[in-house]
Amino acid sequence: MAGARRQSAPPDARAGTDDALLTVRAAEGDEDAFAVLVQRHAPSLIRLATRLLGSRTEAEDAVQDAFISAWRRLPEFHNRSSFGTWMYRISTNRCLNVLRSRRPVAPLEAAGDVPAPEYAASPARIAEARGAVRALREALDLLSAEQRACWVLRELDGQSYEFIADAVGISQEAVRARVFRARRCLTQALGAWR
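Every chain is numbered independently, its residues counted from 1 as its sequence is written. At least 70 in pLDDT is required for a residue's local features to be given in this predicted model, at least 80 for side-chain atom pairs to be given and counted, and no such filter applies to totals for whole chains, interfaces and linings, which use all residues. Derived side-chain values reflect all non-hydrogen atoms in the structure, with water molecules and hydrogen atoms excluded from consideration.

**Some details on the overall build of the protein chain**
- The helix and strand labels rest on DSSP assignments: H or I over at least four residues marks a helix, E over at least two residues marks a strand, and numbering proceeds from the N terminus. For the protein chain, the helix and strand inventory stands at eight helices and zero strands.
- For the protein chain, the succession of helices and strands along the chain, N to C, is α-α-α-α-α-α-α-α.
- Evaluated residue by residue, the protein chain yields a buried proportion of 38% over its 194 residues.
- Pairs at least 24 residues apart make up 65% of the contacts formed inside the protein chain by residues separated by at least 6 positions. Burial classes follow relative accessibility: with a 1.4 Å probe on protein chains only, a residue under 20% of its type's maximum area counts as buried, one over 50% as exposed, and anything between as partly exposed. What makes two residues a contact is simply this: any of their non-hydrogen atoms within 4.5 Å.

Dropping the structure here:
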């Protein structure tokens, strides 16, 4: 990471330091401060990216790219939002770019009807659960990148509409609309699993 490296306390000694102070120090070129921020926020960002992209490898790459971008743009960051929210926004946008670059998916009507599961012995239930997870992944692939991001942030991460709007860079009303459309699409696609 370019810039003058400022020596200070080791990262583990600053684990209790708040993000705002670490962000200021990192913007001044303190790589150790940035390392603490990475350690602090990477796990939740990788979980988010994995849910959005469906691949741990792609998620790790997207989050790494997001942190590289954040390091380069730190002088522009003026604590208008928290560092975590800013990283969610950068990571979400990186994931949206990856999703948009993928080949187009088939329309919802092409998914067809999924047969109702047959309840049987424990191995069958395990297979059924795996089938349901696979069906959910396939249904998520039917959503637009923006709908998927909003739905994952709301339903799987439990984020508020305000947080999602800030992270994705759209209005709260647009977030609500995308979550609503995503829920409707997933309900239709997963109807046989209810």
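**Some remarks on the pattern of salt bridges**
- We define a salt bridge as a side-chain nitrogen of Lys or Arg found within 4 Å of a carboxyl oxygen belonging to Asp or Glu. The full count for this structure, using the stated rule, is seven salt bridges.
- The shortest N-O distance in the salt bridge between R40 and D19 comes to 2.5 Å. In this pair, R40 sits in helix 2 (residues 31–53) while D19 sits in helix 1 (residues 19–27), placing the two residues 21 residues apart along the sequence.
- The shortest N-O distance in the salt bridge between E146 and R100 comes to 2.3 Å. Pair noted here: E146 is in helix 6 (residues 145–156) and R100 is in helix 4 (residues 83–101), with a separation of 46 residues, a long-range link.

**Let's talk about the packing of aromatic side chains**
- In summary, the pairing rule links any two rings of Phe, Tyr or Trp, Trp by its six-membered ring, whose centres are within 6.5 Å, and it sorts them by plane angle into stacked for under 30 degrees, edge-to-face for over 60 and tilted for everything else. A complete count under the given rule lists six aromatic pairs for this structure.
- With a centroid separation of 5.0 Å and 80° between ring planes, the pair formed by Y88 and F163 is classed as edge-to-face. Here Y88, found in helix 4, pairs with F163, found in helix 7 (residues 161–168); they are 75 residues apart in sequence, far enough to count as distant. This pair shows no difference in class: Y88 is buried, exactly as F163 is.
- Linked through ring pairs, F34, F67 and W71 together constitute an aromatic cluster.
- We note R176 situated over the ring of Y161; from NZ or CZ to the ring centre the distance is 4.0 Å. Consider the ring centre and the ring normal. A charge sits over the ring if Lys NZ or Arg CZ is within 6 Å of that centre and within 35 degrees of that normal.

**Side note on the packing of helix 1 against helix 2**
- Axes, fitted as lines to C-alpha atoms, cover a helix only where it is in contact. Angles between the N-to-C directions of the axes lie from 0 to 180 degrees. The geometry of helix 1 relative to helix 2 is characterised by a closest axis approach of 8 Å and an angle of 135° between their N-to-C directions. As far as their axial angle goes, helix 2 and helix 1 are oblique. Seen along the crossing, helix 1 lies across helix 2 with a hand that is left-handed. Packed against helix 1, whose contacting residues are D19, L22, T23, R25 and A26, the element helix 2 presents A33, F34, V36, L37, R40 and H41 at the interface.
- For this scheme, ten residues count as nonpolar: Ala, Val, Leu, Ile, Met, Phe, Trp, Tyr, Cys and Pro. Four count as charged, namely Asp, Glu, Lys and Arg, and the remainder, Gly too, count as polar. For the contact of helix 1 with helix 2, the residue count by class is six nonpolar, two polar and three charged. Put simply, angles under 35 degrees are roughly parallel, angles over 145 are roughly antiparallel, angles from 65 to 115 are roughly perpendicular, and the rest are oblique. Take the far helix as your reference; a near helix turned counterclockwise from it by less than a right angle gives a left-handed crossing, and one turned clockwise gives a right-handed crossing.

**What to know about the side chain of D19**
- Judged by its relative accessible area of 19%, D19 is buried.
- Among residues more than four places away in sequence, those in contact with D19 are L37, R40, H41, F83 and G84.

**Topic: the nonpolar core**
- Buried residues of nine kinds, namely Ala, Val, Leu, Ile, Met, Phe, Trp, Tyr and Cys, make up a nonpolar core once their side-chain atoms join them within 4.5 Å. Grouped together as the largest cluster of nonpolar side chains are 54 residues, with contacts concentrated most on F34, F67, F83, W86 and M87.
- Sort the elements by how many residues they give to this core and helix 2 lands first, with 11 residues.
- Excluding its chain neighbours within four sequence positions, the residues that come into contact with F67 are F34, L37, V38, H41, A42, L45, F83 and M87.

**Quick notes on helix 8 (residues 172–189)**
- Helix length check: helix 8, at 18 residues, gives a terminal C-alpha distance of 25 Å against a target of 26 Å (1.5 Å per residue), a fit within 8%.
- Residues V175, V179, A182, C185, L186 and A189 constitute the buried set of helix 8. For helix 8, the angular spread of buried residues about the axis comes to 130°, placing them on one side. Residues of helix 8 that are exposed and angled more than 90 degrees away from the buried face: E173, F180 and Q188. A helix is expected to span 1.5 Å multiplied by its residue count minus one. In this description, the arc belongs to the directions extending from the helix axis to the C-beta atoms.

**Description of the packing of helix 6 against helix 8**
- For the pair helix 6 and helix 8, the least separation of the axes is 8 Å and the interaxial angle reads 90°. As the angle between them shows, helix 6 and helix 8 are arranged roughly perpendicular. Between helix 6, through E146, Q147, C150, W151, R154 and E155, and helix 8, the contact on the second element is made entirely by V175, R178, V179, R181, A182, R183 and L186.
- Each residue belonging to the contact of helix 6 with helix 8 can be placed in one class, and the counts come to six nonpolar, one polar and six charged.

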